[in-house]
Amino acid sequence: EFSEGVFKKAETLFNSAAKLEPKNHEYSFFRGLAVFRAGDRQGALKILEAALPDDPRTEVLRVALSIQNGADSGAASLEKLLFSRRHRPEK
């Protein structure tokens, strides 16, 4: 359904799959992606924030939507993404 562009049906199927296999977080991600592709970007963000709060893809979507809301909001979100988390350096 997702690859055919039937995003509402795909969202329903991914939601069912996520409930059946809650440890497989990709179902929740793809549910959010289906909602995003259907045009509900804020709805997609809500799904990702609830299911995958620590996933970097959630933060990227949050920043992308913030940028769309205006330069100041986007700049603040991007700054938070870039400078509030520390990653271990590569060896």
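For the structure itself, consult the block above.
A. Representation of the nonpolar core. With nine residues, the main nonpolar core is built from F29, V35, A44, L45, I47, L48, L52, L61 and L65. At the level of secondary structure, the elements contributing two or more residues to this core comprise helix 2 (26-37), helix 3 (41-51) and helix 4 (56-69). With four residues, helix 3 is the single largest residue contributor to this core. Residues contacting L45, with those up to four places away along its chain left out, are T58, L61, R62 and L65.

B. Quick look at the pattern of salt bridges. Tallied over the full model, the rule gives five salt bridges. For the salt bridge of R31 with E11, the shortest nitrogen-to-oxygen distance reads 3.3 Å. Of this pair, R31 sits in helix 2 while E11 is found in helix 1 (residues 7-20), placing the two residues 20 residues apart along the sequence. On the basis of relative accessible area, R31 is assigned to the partly exposed category, the value being 22%. In this structure, R62 engages E49 in a salt bridge whose closest nitrogen and oxygen atoms are separated by 3.0 Å. One end of the pair, R62, is in helix 4; the other, E49, is in helix 3, with 13 residues separating them in the sequence. Taken together, the shared-partner salt bridges connect E26, D55 and R57 into one network.

Rules of the game
- Residues numbered from 1 in each chain as written.
- Predicted model: local features only at pLDDT ≥ 70, side-chain atom pairs only at ≥ 80, totals over all residues.
- Heavy atoms only, no water.
- Core = buried A, V, L, I, M, F, W, Y, C linked by side-chain atoms within 4.5 Å.
- Buried < 20%, exposed > 50% of the residue type's maximum accessible area, 1.4 Å probe, protein only.
- Helix = DSSP H or I, 4+ residues; strand = E, 2+ residues; numbered from the N terminus.
- Contact = heavy atoms within 4.5 Å.
- Salt bridge = Lys/Arg side-chain N within 4 Å of Asp/Glu carboxyl O.

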